[in-house]
Every structure is written in C-alpha cells, then in structure tokens.
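# A structural walkthrough
Letter by letter, the chains look like this.
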Amino acid sequence: MIVTDKIDEVRQHRWADPGLTWGFVPTMGYLHEGHLSLVQLALAGNERTAVSIYVNPTQFAPSEDLSSYPRNLVGDLAMLETAGVDLVFTPSDAIMYPPDFQTTVSLSRITQPLEGSSRPTHFAGVATIVTKLFNIVQPSRAYFGQKDVQQTVVLRQMVRDLNFNVEIVIGSTSREPDGLAMSSRNARLSETDRAAAAVLYRALSAAKAAYEAGEQSGSALRKLIVDMITAVPQAKIDYVSVADPNTLEELDVIADGMLLSTAVFFGKTRLIDNILIEATEDTE
Ligand code: AMP
C-alpha cells in the first residue's frame, strides 16, 4: 500500500496504467466500519482503490470541533492495509491550502436547508476539498455515505453542474447494534450520552413506521420525531426535518418519497442521522 502526502506521487500511481479503473473514498480518518463499507464497495467495483485521510479545516466553522476532531493515522493505515487498499493520500494543510489559496466552490439552493442552516459555510468547504481531491486522484468512481445525506445530494449536483468525469456511488449507513449510526464523533460521547444517542434512529424509525401505517402529514411526522428525542434529557435538537429527497424542501404532505433527518447535540457533540424513503418506481 502506497501512503503519500505528495500530489505528484498520487498522480504518478494513478496514471501508471491509464487503463485501470480507480475507486476513491475521501475520509477525515478515525476510521470505523462505515468507512470500511465504502472501501469494500470501492475495492469490489474497481481495479484500484485510493482513500484520502484529511481533516479539512474549511468545512469547520470557527466554533466547531476542528481541533478536537479525533485522529488515529497509525490505526487507520493498518485498517486500510488489511482491507487491501492500493493508495492512501494523507496531505497536510500546507499542501491543500498554500498561503496564496484563493478559490472556493460553492453551491446555492441545495446547501441552504438542513445542515446548511446550522452550518452555513460547511458545504463550500466540502465542495472545495472534494473538487481538489477529484482533480488530484481523478477517480473513475467516488464513494460517499448515506449517513451524510445532504453531502451526497450536494456532491451529485456539483458533479452534474461542473461536468466532473466521475461516478458518485452512495453506500448505506453502517450502524451499531442499538441503531446509532457509526461516526468518528461517537468516540467523544460520554457513556450516558452514548446510550442516549440511540434515540436518533429510534425516532426516525418510528416516523417511518407511522408513514407506512398511513400517516402522510409532514408536521405530524416531525412532531413524532421531536417528541421522542426531547423525551431524552441529554438530547438538544438542532433540527428535525421531513423533506423532499431531491430538493430538501420541507413537506406538508408526503405524496411519494421523503427524507427524514435530524441533527442533535449531546453535550458539545453534534450527531446527524437520516432515513430515506425513496419514491416508489412506476413499474408500468
Ligand atoms: P468522514 O470521515 O466523516 O468525512 O466520512 C467519510 C465518508 O464516510 C463520508 O462519505 C461519510 O458519509 C461516510 N460515512 C461516515 N459514517 C458512515 C456510516 N456510519 N456508514 C456509512 N458511511 C459512513
């Protein structure tokens, strides 16, 4: 496994045999089974697989947890080596954002609701770093997790808008046995908050069940989720959303397909989760 922080070296390996397909999994490290499930998809779908490990400062607001974001490069590299990854790119801030750096990639409407309403600068940071990583690695396919659902919608839009020659593949959310979505940030939860955090998936699942039992009111589903989460004293809701899966606009009435999503603070740790109910396909 090649491990490098040099852009030239990535390009040299990437293009050593231009006929090979490359899968690419961008990460911020502190890897868990959720990341590895994306790595497995990349390994299965491509002849070569690259992973990046980079905690991108521009997607964190000054008030957020950049300095305390968990890191474990040695452990991450061991996991990726065992998995059979070909190349790991571990750039420094100096390489990614040299002093004269001036360019930002930003999207408009799709970045405004949900995560964007609480984290207004987040997606410009994500779009900019993913653009840079795509230009450095030039993968055939890139793999992202459903867990960060708005990120998947934003990046698909960016790839369409800017004509990136890369296929975006979305992997399902890996969960702990109690349903909590795996996240590097879970490591920062206290024991009681960790146990309490299972309420996110429980509440989203209850709303899904209510919808399947016939509830079509967006506000009723939102209230159900809010009530379940607020019943847990440690949980402080940032948002609860029942939205159109494509536009991310809030729905009054669920006709066909919806995205249930939430962001909740446990102490200083902000967790997100979602359940996507896709529109039923017309089989005629
Ligand atoms: P991060 O390191 O948090 O930036 O995540 C890197 C990639 O892994 C992103 O595409 C995430 O959506 C994805 N990811 C994070 N958590 C999970 C999970 N529990 N299941 C599947 N994918 C995940």
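Everything below is about the structure shown above.
The structure reproduced in this document is the subject of the present report. (Residues numbered from 1 in each chain as written. Predicted model: local features only at pLDDT ≥ 70, side-chain atom pairs only at ≥ 80, totals over all residues. Heavy atoms only, no water.)

### Topic: the nonpolar core
- By size, the foremost hydrophobic cluster in this structure holds 39 residues, and its most contacted members are Phe-89, Met-96, Ile-129, Val-130, Phe-134, Phe-144 and Met-158.
- The leading source of residues in this core is helix α6 (residues 122-137), at nine residues.
- With residues up to four places along the chain from it excluded, the contact list for Val-130 reads Phe-144, Leu-155 and Met-158.
- Ala-210, Ile-254, Val-264 and Phe-266 belong to the second-largest nonpolar core, a separate cluster that totals 27 residues. (Core = buried A, V, L, I, M, F, W, Y, C linked by side-chain atoms within 4.5 Å. Buried < 20%, exposed > 50% of the residue type's maximum accessible area, 1.4 Å probe, protein only. Helix = DSSP H or I, 4+ residues; strand = E, 2+ residues; numbered from the N terminus. Contact = heavy atoms within 4.5 Å.)

### Describing the site of the ligand
- Every one of the 17 residues lining the ligand counts as a neighbour, but Met-28, His-35, Asp-148, Ser-174 and Met-182 are closest to it.
- For the ligand, an oxygen atom lies 2.9 Å from a polar atom in the backbone of Met-28.
- When isolated, the ligand has an accessible area of 480 Å², and the protein chains bury 93% of it.
- Sorting the residues of the shell around the ligand by element identifies β2 (22-27), α2 (33-45) and β5 (141-145) as the ones contributing at least two each.
- Among the elements that line the shell around the ligand, the one with the most residues is α2, at three residues. (Near = heavy atom within 4 Å. Polar contact = N/O pair within 3.5 Å; in protein donor to acceptor, adjacent residues only side chain to side chain. Areas by Shrake-Rupley, 256 points an atom, 1.4 Å probe, with all protein chains shown as cover.)

### Considering unusual backbone geometry
- Despite not being glycine, Gln-138 shows a phi value in the positive range, around 45°.
- Relative to the helices and strands, Gln-138 resides in the loop between α6 and β5.
- Of note in this structure, Leu-248 is not a glycine but carries a positive phi near 65°.
- Here Leu-248 is to be found in the loop between β7 (235-243) and β8 (258-266).

### Points about the pattern of salt bridges
- Tallied over the entire structure, the rule returns 13 salt bridges.
- Glu-64 is the partner of Arg-119 in a salt bridge, and the nearest nitrogen-oxygen pair spans 2.7 Å. You can see Arg-119 sitting in the loop between α5 (115-118) and α6 and its partner Glu-64 sitting in the loop between β3 (48-53) and α3 (73-83), a full 55 residues away along the chain.
- Several salt bridges converge on common partners, so that one network encompasses Glu-64, Glu-115, Arg-119, Asp-238 and Arg-270. (Salt bridge = Lys/Arg side-chain N within 4 Å of Asp/Glu carboxyl O.)

### Let's talk about the layout of surface pockets
- By volume, the second largest pocket amounts to about 420 Å³.
- Lining the second largest pocket are 14 residues, and of these Arg-156, Pro-245, Asn-246, Leu-276 and Glu-278 lie nearest its centre.
- With five residues, helix α7 (residues 149-162) is the largest single contributor of residues to the lining of the second largest pocket.
- Taken together, the residues of the lining of the second largest pocket break down into seven nonpolar, three polar and four charged. (1 Å grid on protein atoms, 1.4 Å probe; cavity = no way out; pocket = protein on both sides within 12 Å on 5 of 7 lines; lining within 4 Å. Points joined across faces, edges and corners; volume = space filled by probe spheres on them. Nonpolar A, V, L, I, M, F, W, Y, C, P; charged D, E, K, R; others polar.)

### Looking at the side chain of Ser-241
- Mapped onto the fold, Ser-241 is located in strand β7.
- There is a polar contact of 2.5 Å between the side chain of Ser-241 and the side chain of Glu-250.
- Residues contacting Ser-241, with those up to four places away along its chain left out, are Leu-114, Arg-222, Glu-250, Leu-259, Leu-260 and Ser-261.

### Thoughts on the sheet that holds β7
- The sheet built from three strands is open, its strands ordered β7-β8-β9 with antiparallel pairing. At either end of the open sheet lies a strand with only one pairing partner, and these are β7 and β9 (269-277). Taking each pair of neighbouring strands and ignoring which way they run, the sheet shows an average axis angle of 10°.
- Direction of pairing for β7 relative to β8: antiparallel, over a ladder of eight bridges. Counterpart to Val-240 in the pairing with β8 is Thr-262. (Pairing = 2+ DSSP bridges. Axes fitted to C-alpha atoms, helices over the stretch in contact; angles between N-to-C directions.)

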